[in-house]
Structure formats: C-alpha cells, structure tokens
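Here are the chains, one letter per residue:
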Amino acid sequence: MTFDHHGATTLSDAFDLLARHGDDAYLLAGGTSFVLLYQQGLIRPGHVIGLRGVPELRGIHRDGQGHLRIGATTTHRQAETSAVVRAHCPALAETFGRVATVRIRNQATVGGNLVHADPAQDPPPMLIALGAAVILASRSGVRQVELDDLFVDSLTTVIRPDEILRELVIPPLAAGTRAVYLKFLPRTADDYATVSVAAVASGGRVRVALGGAGAVPIRAHAVERAIAAGATIDDAAAAVDADIDPMSDIRGSASYKRRMARVWTARALRRVLA
Amino acid sequence: MSTHRIRFTLNGALAETAVPADRLLIDLLRDDLGATGTKKGCAIGVCGACSVLIDGVLLSSCLVLALDVDGGAVTTVEGLAAANGELAPLQEAFITEGGFQCGICTPGQLIAATALLAEQRRPTDEAITSWMMGNLCRCTGYAGIRAAIRAASEQA
Ligand SMILES: Cc1cc2nc3c(=O)[nH]c(=O)nc-3n(C[C@H](O)[C@H](O)[C@H](O)COP(=O)(O)OP(=O)(O)OC[C@H]3O[C@@H](n4cnc5c(N)ncnc54)[C@H](O)[C@@H]3O)c2cc1C
Ligand code: FES
Ligand code: FES
C-alpha cells in the first residue's frame, strides 16, 4: 500500500487537505526524513501533502522590528548562503552550513528540521541560544512558540497535527553580540554531532544550549547561572553536568558525552566571553 | 495510491511517463528509463553515488520522489559529455589525474563536481574538500579526485 500525494498550492489549501485527511495525513517539505522513514516502513500515511508549492512558507526577510524571519520551506543551503541571514547573525548562517553535506542541505528544509526533532540536529541549539521562536499556523489561528518550549522528547514537539510551521523568527541582536556554534565530530565531517554547543553572549549575559546531550536540544540554565554569578569559564562549563542527560549510542557513551559536553562548553564560552 | 503524469527533460531530451506517488527518482532513472549511470549505494542520502542535478541543483536521487521532477530538468552523468560523445573537461581530468579506480562512485563524483564548478569557477582545495565530502570513495583516497577537479577548474 502506498500513499496519495497532494501538492498544496496555498496555506489554506494545505489546511483543507489536513482537515480532510485527519490522522491519515502527513506533511512533506524537503522529504529527507520522510523518504527514509517511509522506506524503512516506520510511517505509512494514506495521504501526503506537499508543502513546497506553498508561497506563504517561503522567503527570508528582516521585518520592521528587526526580527529575522525565515520561511519554513527554506532549504538549509538557501539559509546558509542568504546575505540577509549572514547580516543578521553570521554564526547562524554557519550553523545551517554545518548540517550534513551540501547535497542534503539543498533538499532539507529548516522547518522540516525543527519538526523532525532529532536531538542531535545542528540548528536547534543555535536557535535556542539566539532566543528564536516559531510561528505555528492552523485553521483556528496562529501561535508563537519559543524554541525553548518546542521540543518534548526525541522526535516529538508541541506542534499539533492540524498545525503547520510557517516560519522561524530570530530576534534582533544587540550590538556587540557574540555567537558561536561548535560541533564535536569524532567520526566523519558529515556526521551528526556527538555533542554540540551554541553560545550567545551580549551585555555580560550568555545563553547556552547543547545538541546530542539528551532526548531534546537542551538549554544550559546551570551554566548560564554560573556565568551570571561570576564563575570562571571552567567552573561554569563544569556546571553543564546538571543540565544534560545524554544517552549512549554509536556516537559515544553517556559518560563520554558528559565529559565532552564539559570540554566543548568551555570552548564555546571562551569564544564568546574571552 | 495516486499515479502522477510527469514531464521533464533528462539530459536535454523530453521524458514523459506516469509514476506511482512513492516512486523514487533513482528507481525511475535506472529501472524505468534505463539510465543506469546513476548508482544506488547506501539509499539513505549518505554516499553520494546517486547524485543528480535537478534544475542545476545537486540532490540525492535516492531521497527525491520522482513526481517532484515534473516540469524540471534532470542531469545525470550520461548528460555530461557533448552530443558527439566528446567528454567534458572534468571527465578528461578524472582520467588523466587518476580520479577513479573501480568507478562505482565516479558518476556521483562527476555530478557533484560539476555542480561545484558551476557555482565556484576556481574553488580552493578547502572548498573542494568541503563540497565533495558527501561523495564517498573507497578506492582513490580522494587525492586524485581533488586533483582532477582542480585541473578542470584551471582549464575553465
Ligand atoms: C544523510 C542525512 C544526514 C543528515 N545530517 C544532519 C546533520 O548533520 N545535522 C542536522 O541538523 N540534521 C541532519 N539531517 C536531518 C535533516 O536536517 C532533516 O532530515 C531535515 O532537515 C528534515 O527536513 P525536510 O524538509 O527534508 O523534512 P521532511 O522529511 O519533509 O519532513 C520532516 C518532518 O517535518 C514535518 N514537516 C515538514 N515541514 C513542516 C511544516 N512546515 N510544518 C509542519 N510539519 C512539517 C514532516 O511531516 C515530517 O514529520 C540529516 C539527514 C540526512 C538524510
Ligand atoms: S545512494 Fe543516494 S546517497 Fe547513497
Ligand atoms: S573509485 Fe571505487 S569507490 Fe571511488
């Protein structure tokens, strides 16, 4: 058994298709996650709704309040090479460029990445550290969810089945903000991170988030508090132990990831604070 | 299951066919259209053997639905040589610089490198390495591939 494919042409069209097919519907953006899950028999939707023809989900711009807005079906490659993204935050453009290979970045979308919600993905920690949010749209309206609150568990978000992720919103950055994303790759350069750390510092405050360090991308509150309380970089990085809950997998044991989280947190903090 | 009529160009020639919604582009190319230059290696987006250009954009044909190429232009390794069979400078460079041994990865390497040279006329060695890291090769150790791409870029 296979699926019916419907190419949505507007957001309203996509909502209609979602309403008509209910639980049997599956949204398709770039398709990198979809094709793999489908080929492995892990998903068997009756109806697949293609989103790439939907104009409301495209485009990158800075709005009147200085927020950077990136449409959900923007590919990682488009985001990485966008002059608008680079002008807003060069480290964010670089982070999109750390995802897999150029061939995958040409296909995978930034919205699909967030909804897929693998905890070892690259953009989420950076977006959390930047204080980003997503706009979720449905027939019944629009809501904004902070990236901090988006992820519930591995491969699970707070997005409802009737909702479509419309865009990413990254707030304006104060002058002098320093941001960095470090990806620890002990195996190959195109791999998912064993652990990764994003840090954003502005006006003496720092926000830190980690990938690969638990079931979801993790905001490192203990590290942030330690820095705010005047701890040294090494002491603050050691505090990451209280924030994370890594699992053993092919990219390292839980105890190895704990040690590496500490090392890479210290490196990230040094890059934005020293 | 829905069936979709698609029209696209394959290496410049019009192709018209009907595909089930879950047909992958790699299977359309190889099994339905007989264009077997494009190889299926991992089938999970990692190895690059299935690399194709769709409207000039480098993609994995093992991860793309065939119905998505409707209206587009697909280029595979069969489309790199001139109509009279004369090899492209990049293909010649792979021969002279030792860019392959067993050859299974070569169609993908050529397609990926074609996309690189279309975007960057004179890529640095670093740019070549980072662009080509998605195309695995178990034989050459990569040095010959890099040399071939460099040589082709210097001719352009
Ligand atoms: C070989 C390979 C290597 C990878 N390596 C990395 C890596 O190093 N780092 C990294 O971060 N990621 C990596 N990824 C993951 C990749 O980033 C994601 O698979 C991709 O971003 C998903 O986007 P997509 O557009 O292809 O999603 P799709 O497969 O189209 O969709 C993914 C999920 O999101 C849903 N969805 C998509 N768009 C929307 C929307 N607008 N609203 C609501 N739901 C939506 C779909 O229903 C589906 O559940 C890798 C993937 C592959 C195949
Ligand atoms: S066969 Fe498509 S990337 Fe390996
Ligand atoms: S030439 Fe044999 S795998 Fe590359």
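In what follows, the accompanying structure is described. (Residues numbered from 1 in each chain as written. Chains lettered and ligands numbered in written order. Predicted model: local features only at pLDDT ≥ 70, side-chain atom pairs only at ≥ 80, totals over all residues. Heavy atoms only, no water.)

1. Concerning the pattern of salt bridges
Point 1. Tallying each qualifying case throughout the model produces 24 salt bridges over all chains.
Point 2. Residues D63 of chain A and R69 of chain A are paired through a salt bridge, measuring 2.8 Å at the closest nitrogen-oxygen approach.
Point 3. Look at R69 of chain A and you get buried, because its relative accessible area is 18%.
Point 4. R150 of chain B is the salt-bridge partner of D125 of chain B, the closest N and O atoms lying 2.9 Å from each other. With D125 of chain B in helix α4 (residues 125–132) and R150 of chain B in helix α5 (residues 143–155), the pair connects residues that are 25 residues apart, well separated along the chain.
Point 5. Three or more residues joined by partner-sharing salt bridges are found here, namely D63, R69, R166 and E167 of chain A. (Salt bridge = Lys/Arg side-chain N within 4 Å of Asp/Glu carboxyl O. Buried < 20%, exposed > 50% of the residue type's maximum accessible area, 1.4 Å probe, protein only. Helix = DSSP H or I, 4+ residues; strand = E, 2+ residues; numbered from the N terminus.)

2. Side note on the environment of A93 of chain A
All names here are of chain A.
Point 1. Relative to the assigned elements, A93 resides in helix α5 (residues 90–96).
Point 2. Linking A93 and E80, residues 13 residues apart in sequence, is a C-alpha distance of 4.4 Å.
Point 3. If we skip the residues at most four places from it in the chain, A93 touches A79, E80, V85 and R86. (Contact = heavy atoms within 4.5 Å.)

3. Re the sheet that holds strand β11 (residues 178–184) of chain A
All names here are of chain A.
Point 1. Read from one edge to the other, the open sheet built from four strands follows the order β11-β12-β13-β14, with strand pairing classed as antiparallel. The two strands at the open ends of the sheet, each matched to only one other strand, are β11 and β14 (218–219).
Point 2. Where strand β13 (residues 205–211) meets β14, two bridges bridge the pair, whose relative direction is antiparallel. Counted as the bridge partner of A209 is R219 from β14.
Point 3. Sheet contacts for helix α9 (residues 221–228): β13 and β14; angle to β13, the most-contacted strand, approximately 155°. (Pairing = 2+ DSSP bridges. Axes fitted to C-alpha atoms, helices over the stretch in contact; angles between N-to-C directions.)

4. Thoughts on the packing of helix α3 (residues 106–119) of chain B against α4 of chain B
All names here are of chain B.
Point 1. Running from N to C, α3 and α4 point in directions that differ by 130°, and their axes come no closer than 10 Å. When the axes of α3 and α4 are compared, the pair comes out oblique. For α3 against α4, the interelement crossing comes out right-handed. On α4, the residues that touch Q109, A112, A113, A115, L116 and E119 of α3 are I128, W131 and M132.
Point 2. Among the residues forming the contact of α3 with α4, the class breakdown is seven nonpolar, one polar and one charged. (Parallel < 35°, antiparallel > 145°, perpendicular 65-115°, else oblique. Left-handed = near helix turned anticlockwise from the far one by under 90°. Nonpolar A, V, L, I, M, F, W, Y, C, P; charged D, E, K, R; others polar.)

5. Remarks on the side chain of T38 of chain B
All names here are of chain B.
Point 1. Secondary-structure assignment places T38 in the loop between α1 (25–32) and β3 (51–54).
Point 2. Judged by relative accessible area, T38 falls into the buried class, the value being 2%.
Point 3. Excluding residues that lie within four positions of it along the chain, T38 makes contacts with I26, L29, R30, A49, C50, S51, V52, S61, T76, V77 and E78.

6. Notes on the site of ligand 1
Point 1. The environment of ligand 1 is made up of 32 residues, and the closest members are L27, G30, T32, T109 and D122 of chain A.
Point 2. Around ligand 1, the nearby residues trace back to chains A and B.
Point 3. D191 of chain A has a polar backbone atom sitting 3.5 Å from an oxygen atom of ligand 1.
Point 4. If ligand 1 stood free it would expose 980 Å²; the protein chains cover 94% of that surface.
Point 5. For the shell around ligand 1, the secondary-structure elements that each account for two or more residues are β2 (25–28), α2 (32–39), α7 (110–116) and β10 (164–170) of chain A.
Point 6. Examining the composition of the shell around ligand 1, we find that four residues originate from one element, α2 of chain A, more than from any other.
Point 7. Looking at the shell around ligand 1 residue by residue, the classes come out as 19 nonpolar, 10 polar and three charged. (Near = heavy atom within 4 Å. Polar contact = N/O pair within 3.5 Å; in protein donor to acceptor, adjacent residues only side chain to side chain. Areas by Shrake-Rupley, 256 points an atom, 1.4 Å probe, with all protein chains shown as cover.)

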